[in-house]
Each structure stands twice: as C-alpha cells, then as structure tokens.
Amino acid sequence: MIHFGHFETEMQLRYPNDSLFIRNMGDGGNTPGFRPHSSRKSPWAFPGAEKFHQNELANNSNSVGHFPTEDEWLTELEADIIIAFFGYSESFNGPDGLENYKNELRAFIEHTKNQKYNGKSAPQLALVSPIAFEDLSNEMDLPNGIEENKNLKLYTDAMREVAAQDSVLFVDAFEPSKNWMATGEQHITNDGFQLNDYGYKKLADLLADEIFGADKTSNVNEELVQEAVNEKNWFWHNDFKIPNGVHAYGRRYDPFGPDNYPYEIEKIKQMTAIRDTAIWQALNGKKMDLAAADSKTRELPPVKTNYKVSDKNGTPEYLYGDDALAKINVAPGYKVEMFASEQDFPDLANPVQISFDNKGRLWVGVMPSYPHYKPGDSKPDDKLLILEDTDGDNKADKQTVFADGLHLTIGFEFAPEGVYVSQGTNLVLLKDTDGDDKADETEVILSGFDDHDTHHAISAFTTDPSGAIYMGEGVFLHTNVETAYGPVRATNGGFYRYSPQQHRLERTAQLSIPNPWGIAFDDWGQYFFAHTSGPDMTWMMPGSILPRYGQASPNPQNLIEDKHRVRPTSGLEFVSSSHFPENIQGDLLINNTIGFLGTKQHTMVDDPNSAGYLSKHRQDLIFSDDKNFRPVDMEFAPDGSLYFIDWSNVLIGHMQHNARDPLRDHAHGRVYRVTYPSKPLVTPAKVDGATIDELLENLKLPEYRTRYRTRRELRARDKNEVLTKLGEWVSKLDKEDEKYEHHLLEALWVTWGLNDIDQNLLETLLEADDFKARAAAVGVLRFSGNQVPNKAKLLMESAKDNHPRVRLATLVAASWMDKEDGIPIVTEAGKKGLDQWMKRPYEAALAHLNDHNLGEEPKETIETSLKGKELELLLAGQEIYEREGFCATCHQPDGKGLESSGFPPLASSEWVTGNQDRLIKLTLKGMIGPIEVNGKKFPGQVPMTPFGGMLNDEEMASVLTFVRNSFGNEASVITPDMVKKVREKIKDKQGFYTSDELLKEHPFK
C-alpha cells in the first residue's frame, strides 16, 4: 500500500481542510500480537501476546537493540485513529487456528483501547479484513483460490464477530473484492493476493467510504497530491524502516552509531514533516520548494575518519589504469586486462554484481549510495549498467543505463519477463516493454525482506537449472514475506529460492552463517556457498532441510583447507571454460577482500567415501598488491574468459569504522578480464536469436554458463514448440555418448524450467547409472509441486539408493513434505547408514517434521581450575566471545585465528596471557597496524574492533578472562574493577592503539 499512495491521496482529497497526518506502519506477516523486528528485543506487540504463539514463533530469534515498540511509535505519532489490517497470513492456519486468532484479536483490541497515544483519549479503531484470493491459475501457476477463499471467509467472519463483540468498526474487504474479481474488466492483483495499482485504487475508495464516508470534494489536484503523498511516504519509510538500522538502533549501534545516527533520524523526521506540509499545499494546487525547506532542517555533524595511514592498509591515494593493473598478479600462464573503470565510465562506482545477458553483454549492478541513503543527500541513484565492447579490443566502449534511481542493487538476475533486482525490503521486477534497453516498468514482486543491515540484505543472485532465483541473506535480519502460499519467515542467515514460474518463495536454507555473498551451481545442479565472514565454503544441500523460525539448521562441514581459509569472501564460480586448462575444469574460484586480496582456486571432487566432496587448494589465481583491491564477483563470459569486478575501496570493515566514515568510497570501480593466452578463446554460442534446434544443441557444449544462458533463452520461447523439439532432440541422442545421461538431465531441466516436468525423463534419470544424475533428478522431484502425482513413492525408492548423495537428497526433499509422507521417507534414507554429511540433516529433518527444534548440542567443556565467581566470569565470557560479529568471527572458535587473512591467534599468545592492562587497553580502544604474535608478523590491515562502547566493565572482564583461560591458555582473571580503572585512565585516548604504543607502555617480560 505504501508504494501506491491511493488511500492517503483519497483521504486528503476528501478532507482538504483537515491537515491529515497519515502514517503506514504495516509490515508483511505481522499478526495482532506477533511483530518481530531485528532491533527490538521482543517480537510481542503487547503484554501476553506470546501465549497466542506457543509454536516455533516463540523461539528466541536473538534480536538485539533499542528500536521503539509499536506502542512507542504510536505515542510519538500521537495517533487518534488506527486502521488494523490482519487475517491474511493467519488464514493459512486454517480452521484449526481460528479460535486462537479470535482470542489474539480480542487481546489486541483490549490493549489498544487501554492506550492514550495522543495523550488524551483512547484511539478510534477499525479492523479491515483480508481481500479475497483472485483466481489467476489459467494464466500462471498459482493456487486457484478455492481453499484459500474458504479460509479467508472464515477469518473475515471471525473478525466481524470479534469487532461486533468489542464495539469496533469493521470493514469487510473480502466480499467487495470478490465482487470486483467477478465483474471487473481487469485483474486487481499481481499474483492472487497482492493488489496491483488498479486494485489499490478500488480498495482506497472502499476504505474511505466505509470508515469515513465523506465525498471527494475535487479531483483537480489529484495527480499533484498523489505525487506529494508518495514523496512523503518515501521519507517515512526511510525513518520507520530505516535501511541499515542495525547501526542506528541495533547491535552495531556501538561504538560509532551515536556519532551520527541520532542526528540523521532527527533530520529525516523533519524532512518527512515538511512533506506533510507539501501534501496540504498540493491540495491547493501549489508545489512546495522542498529543497529550500530541507535546507532549514538540522545540520548533520561531520563524522571524522578513524583511519590511520599505514603501508599495510588501503590508502586514500587510488591507483588508476596501468598502475592499478600492474599491481594485479595472476597464476603462471594467465593474463589479466582491464575491461572498464570509473575513469571512462563514471557510473561504474561501487560495482557489486555482474552477469552476461543472452546477447553476450556485460551487466553491472552499481551502488554508490552504499551503505544507505543519508538524509540531506540527493535521493539514491544506483544503477544497472550494460557495458559493451563494440570494436573487439577487449575494452568496454559503450555504456547503457538500463535502470537508475535505484537504491542498493546488491543482487540481480535475468528472466524472460525482465530483470529481478534486490531493492531493500522489496524484490522488484524491472521490465523493458519497448526493447530500447531501458527499464520502463517496475513491479514489486514481494515485500517484507529485511534490509536492517544493508550488506546482509538479499544478494548474490543466481539461478538453479529451472531458472528459480537463489538469494543469500545475512545474519541479524528478520524477514517476513507474505506470499500466495502463506507467509515466509526467516531469521539470521540463509538462502531463499524464488520460482518466477510459480510465484513461490521458500526459505530454502536457514543456517548459522554471517554474510553468504557467493552461490554457485556445478554441472550436476549441486549448489555451494561461501560463508564470507565464516570463513568457510561448503555444499548447501545438506543444510537445505525445512527450517524452523528462530533456529539455524545444522551447518554443512567446511570444504576449504585450514591454511587457505580467508575472509571476507565474495563471489563463487566453477571453472567451466574450454579456454582454460583442461585439468582445472570443475575447480571452484572464490574471491577475498581483506588480507589476501584476490581469488583462490580449489579443486572440488566427489568423496568416494561419503555423500559429499573433497577439496584442496590448487593455486591463487589472482592476487594484488594494491590494498584497495576488493574483488567481489565474477562470471565466465561467452568467449570463455573470466570477468571479475573490483569494489575498489580503502575501507571495508563495518565494525571498525563508522558507516558514514568520509573515506568510504562512492566513486571507484573496475571490471577486469582474465584469459589463458596459450589456448584459443571459445567461439561464443548463439543464444539470442538462435533457433530452438540451435539452442538445444547448445546444451551439449562443455561451458556451464553457455548452457545456463541457453536454458534461460528456452524459457522465453513458446512452450509447446520447445517441448515438441525437445522430444525429437532426446530421441536422437547417442546412448553410447559418455555424456548421454547429462544430456538427458539437461532435457529434464528444460522441462522443469518450462514448469512442465517430463515424468518419463524424470523416472529414467532416477534410475540412471551415474549417481550424480540420480541425485539431480531427486532435486527436480523435490521442487515438482503437484506435477508428479507419485512423488512420495518415487522418493521412497530413492531413499533406498546405494549412493549416500542420492539418499541425502531424498531426505532433504522429504523434510518439506507432510509429516505422514515425510517421516517414513527420511527414516528409510537413514537405514543404510549416515555419514558425516547426513547425520545432522537426518536428525534435524525428523525433529522439524515432528514440529520441534533439534536438540541443542552441549557447549564444549572448558578445562580450567577457576572456581566460584572466577568460573562465572569465564562462562559468561564464552557466550560473548561466540556472539556473531564479535571475537570468534576473526580469531575463530578455536582461538587459532586465520593466518592467511591476517587474523592472529589468541592461543599461546603473550598479548593475551601477559600484562592485564595492555590487554584491556587494546580491547577497549582497538588496535591497528602490524603486530608480531608467536614469532609471526601480521600486517594488521583491518583494525581490531574497539569494544569499549559495546561491552560494559563486567562483560569486558568476562570475555578477557575467557580468552586468558581457553585454547590452552592459563592466566590470572581480569576483574570488572581492573577494566573500570583502565577505562577511566584512557578515556581521553583518541583512535586505535598500535603495537609499538602498547609495548612501549607495557613491554613483554
């Protein structure tokens, strides 16, 4: 509703002399009592609300912060009238949940009536039912609404009953909307349940008529008023749903948030209020000078950088052209060249994702507005760029701006219908309806994604072989998205899968991971991901069992050798190019942006003794001596060369520097190209404009990305024609070809992408000779929906497969089924033994199917001689050490650090076990620059976070006592009084400590 503005426009036009003040506080998936927020400690909207959700929603989701409660917001806004929209998400609980919903609604009404948000009287309250579910099943693969409307009718009637009992105004939107659907000339929804522009216009009239009743006085200034309403709503959304709010309200507020965010919040509230005035002026045909009014709002204090110049760190002096290129090294036999930079294309600032379209053109998502909009600046103008080399010299010479005015293009992916783009809380579809390479339509596909920490928001888009979009999401976030199939709720790290064909979103994996900025599929459709801050990289499938709210599913084991684990990583890609050496095909590439600056290359082979894989470091493919070099994404081009982008930034840390640090760069960005000159480039396959026969032949080519783009092109063609040609193609395949089963799999994937799975092909591949083909076929069966009527029977057979990967794929698929079908299949899959990849998913799948959490593993026993209060300090310190984003992130759970990333060990370190004051000082104020630990020198490229503003004296004492008495260390405890004394002594110290400074004050003995 907030993106259209029709209801508020209607109200302002009906009451032009009343200076109406309207705010939309709606949030997807909210219920009367359950309203989670990443920076609000409790998800409960009022005291006692938790008793209505004695299910997985009661799990502690570890939200932290001081974001106001909704009662506090309503008090600040001095609300007189509240219009409450509930019932849609709740309706998916069916008849069994009806009585609980009525009781929850009654409790909400009682609570609301007892408040005086305006300081004088209880608010007037109106309840609005959900709309009916529109049957669009003849046009797209969506529910037909029969069952949905049965439940929606039940919940509408329940709301009417409760409203009457409690003397509350009730608006029935169900019956009128059902009538609009039956009699209207156009659809009122995009996907059965989300109103489109026309639908919101209809709803606006209904709400205004039923709740308020006055007639519209004039339509003369309607367009001007709606423009002003939408402008105000944009600013209100950036207040109430502030992007990157983790720094303004949440767990990253300290130590830098107080320097700027209270003032930014004050300013945006002032700017929003100005736009209320603009609406009232628009009612009289006047257009307000917003820039002049904004110039009188509070001035934001300057933020000082805490960066210190060092030969080992990034530098404000950027390198350009050949100088930058000269700093980049590649493995023997390879060549790197610059394809584009901000010097030639100033829009190429802060590039974050790249992809080649079906025409072979490189698209780049850029986001100079990162980390997010700052009040007083121009509105964000992030972009999707198309870069082309029109003269064949391997350098871009043409730029097209496909879309601008975006905000944080942290992920994008192509589809026949347009380009899907991450936009804060929304997944949007950008359409080019006239073929001029300019987006001219924007559709909000789904809303409710959390961008509370913008570098954790949905990102790293890629597709599975069907064209379903996989999206990573980081820790700290609480997403609640309403869909045609019910609400999708997610917490604290994981992945989504969105099927455009079915308009279906699922939380495909929920794992204890920080920032998953890389997802890659191999030739057989298996999917891998990078933890980023973990710094692990692993296989996703074992972690993709049905998750539970607030609970992380078991993490699959790490695949990277310890000495080559680096962080933070960004971007994954399998080597699949005839231009690159034959012996490295199937290797996995992973970028890193701190410490080791470049791309590591690892082998990836099947483990003959388990369901999973084995990996070894092969080489560092790319590495740079330019400390501003930050490779963040890569993709193989149609000619077989490898393209990658450089974020190019002096600052990279989020806990080490203020989000508004003036050295955070908003102007630089580069695109590079890697080749292997001793082998010829690949002749680009024809994709755009190819015939269906040509496209099907492309599926035999060795390059994964060629087949990827080909399948995408086939999804855009006439379904019946493709399926007919595909049948002919399959019948002519050579059964003696060693790749025969893979060709069959490609054919199955084409039918999957057309949302018409060929069951004969499916069943053939479920019995294939190659276990990889069988496991891939189970993956298709997993997402077949209702297309395969004997799905449970087929999975039961796969559960008996001799290969553990097939059995693991089967138990994962079964975890998403009804309990009655799923449990027997999971149980059967475990009968032939559970290896290290299978054991935890098996246990979690059974627990989740039985509607309870997997039992918590006991914490590792710490051998210590400490007792009493000292032992209590140590145990409290363990919890602090293990918090996400605190100590274990860099120094690792075992205290051994990450040598290749430049993070020193805590184990056996005199810095830890030695002088207490020295340790307290460096922890309070942080540390920057070189340091020698256990005889090894570490460059200190990323400052150690200053925890003085994040931990009180007792917490600081606890965690320091823990590290001094763990990992084989044994040293005296540190007491809160010790911390207090040192804190007071150094309170005027500015900036980080250096090792020289600390050793001068407290030399080693």
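Right above here is the structure, for reference.
This one's a predicted model, so the numbers in the text were calculated from it and none came from an experiment.

## Looking at the pattern of salt bridges
Moving on, step 1. Applying the stated criterion across every chain yields a total of 67 salt bridges.
Moving on, step 2. Between Glu-713 and Arg-717 there is a salt bridge; the shortest N-O distance is 3.0 Å.
Moving on, step 3. A relative accessible area of 22% places Arg-717 in the partly exposed class.

## Overview of the packing of aromatic side chains
Centre distance and the angle of the planes are the two values used to describe a pair of aromatic rings.
Moving on, step 1. One pass over the full model with this rule turns up 46 aromatic pairs.
Moving on, step 2. Where Trp-73 meets Phe-240, the ring centres are 5.1 Å apart and the plane angle is 80°; that geometry is what we call edge-to-face. One end of the pair, Trp-73, is in helix H2 (residues 70-77); the other, Phe-240, is in helix H8 (residues 222-240), with 167 residues separating them in the sequence. For the pair Trp-73 and Phe-240, one class covers both residues: buried.
Moving on, step 3. Joined through ring pairs, the aromatic side chains of Phe-67, Trp-73, Trp-236, Phe-240 and Tyr-249 make up one cluster.
Moving on, step 4. The ring of Phe-783 carries Arg-497 above its face, with NZ or CZ at 3.6 Å from the centroid.
Moving on, step 5. Here the guanidinium or amino end of Lys-600 rests over the ring plane of Phe-596, the centre of that ring lying 4.2 Å away.

## Quick notes on the side chain of Ser-784
Moving on, step 1. Relative to the helices and strands, Ser-784 is located in the loop between helix H18 (771-782) and helix H19 (791-798).
Moving on, step 2. Looking at Ser-784, the relative accessible area reads 0%, which means it is buried.
Moving on, step 3. Apart from residues no more than four positions distant in its own chain, Ser-784 is found in contact with Ile-757 and Lys-791.

## Regarding the sheet that holds strand E5 (residues 335-341)
Moving on, step 1. Read across the open sheet, the 4 strands follow the order E5-E31-E30-E29; overall the sheet is antiparallel. With partners counted over all chains shown, the strands left at the sheet margins are E5 and strand E29 (631-636), one partner each. With strand direction ignored, the average angle separating the axes of adjacent strands in the sheet is 25°.
Moving on, step 2. Direction of pairing for E5 relative to strand E31 (residues 670-675): antiparallel, over a ladder of 6 bridges. Its bridge partner being in E31, Ala-340 is matched across the sheet by Val-671.

## Side note on the pairing of strand E24 (residues 588-592)
Moving on, step 1. Most of E24 sits inside the fold, with 5 of its 5 residues counted as buried.
Moving on, step 2. Alignment of strand E23 (residues 569-574) against E24, held across 4 bridges, turns out to be antiparallel. When the bridges of E24 are listed, Phe-574 appears paired with Leu-588.
Moving on, step 3. By the bridge criterion, 5 bridges tie E24 to strand E25 (residues 598-602) in an arrangement that is antiparallel. Counterpart to Asn-591 in the pairing with E25 is Thr-599.
Moving on, step 4. The hairpin formed by E24 and E25 contains 5 residues between the paired strands, and Gly-595 there has a positive phi angle of roughly 75°.

## A few points about helix H22 (residues 839-849)
Moving on, step 1. Within H22, 8 of the 11 residues are buried, which leaves it mostly tucked inside the rest of the structure.
Moving on, step 2. Turning to H22, its buried residues are Pro-841, Tyr-842, Ala-844, Ala-845, Leu-846, Ala-847, His-848 and Leu-849.
Moving on, step 3. The inward-facing, buried residues of H22 abut helix H20 (804-814) and helix H21 (819-829).
Moving on, step 4. A positive backbone phi angle near 65° is found at Asp-851, which sits one or two residues after H22.

## Re the sheet that holds strand E1 (residues 81-85)
Moving on, step 1. Strand order in the open sheet formed by 3 strands is E1-E2-E3, and the pairing between neighbours is parallel. On the outer flanks of this sheet lie E1 and strand E3 (169-171), each paired with one strand and no other. Within the sheet, the average angular offset between the axes of one strand and its neighbour, ignoring direction, is 20°.
Moving on, step 2. By the bridge criterion, 3 bridges tie strand E2 (residues 124-128) to E3 in an arrangement that is parallel. Bridge pairing links Val-128 to Val-171 in E3.
Moving on, step 3. Sheet contacts for helix H5 (residues 146-165): E2 and E3; angle to E3, the most-contacted strand, approximately 165°.

## Some thoughts on a negative patch on the surface
Moving on, step 1. On the surface, a cluster of negative charge is made up of Asp-434, Asp-436, Asp-440 and Glu-441.
Moving on, step 2. Checked against the element boundaries, Asp-436 lands in the loop between strand E12 (426-431) and strand E13 (441-447).
Moving on, step 3. The partly exposed category is assigned to Asp-436, whose relative accessible area is 38%.

## Notes on the side chain of Thr-508
Moving on, step 1. One can find Thr-508 in strand E19 (residues 504-510).
Moving on, step 2. There is a polar contact of 2.8 Å between the side chain of Thr-508 and the side chain of Glu-506.
Moving on, step 3. Not counting residues within four places of it along the chain, the set of residues in contact with Thr-508 comprises Tyr-470, Phe-495, Tyr-496, Arg-497, Met-540, Gly-543, Ser-544, Ile-545, Arg-782, Phe-783 and Trp-816.

Cut-offs applied
Residues numbered from 1 in each chain as written. Predicted model: local features only at pLDDT ≥ 70, side-chain atom pairs only at ≥ 80, totals over all residues. Heavy atoms only, no water. Salt bridge = Lys/Arg side-chain N within 4 Å of Asp/Glu carboxyl O. Buried < 20%, exposed > 50% of the residue type's maximum accessible area, 1.4 Å probe, protein only. Phe/Tyr/Trp six-rings, centres within 6.5 Å; stacked < 30°, edge-to-face > 60°. Helix = DSSP H or I, 4+ residues; strand = E, 2+ residues; numbered from the N terminus. Lys NZ or Arg CZ within 6 Å of the ring centre and 35° of its normal. Contact = heavy atoms within 4.5 Å. Pairing = 2+ DSSP bridges. Axes fitted to C-alpha atoms, helices over the stretch in contact; angles between N-to-C directions. Patch = residues over 30% accessible without salt bridge, like charges linked within 9 Å, V, L, I, M, F, W, Y side chains within 5 Å. Areas by Shrake-Rupley, 256 points an atom, 1.4 Å probe, with all protein chains shown as cover. Lys, Arg positive; Asp, Glu negative; His and termini not counted. Charge placed at Lys NZ, Arg CZ, Asp CG, Glu CD. Polar contact = N/O pair within 3.5 Å; in protein donor to acceptor, adjacent residues only side chain to side chain.

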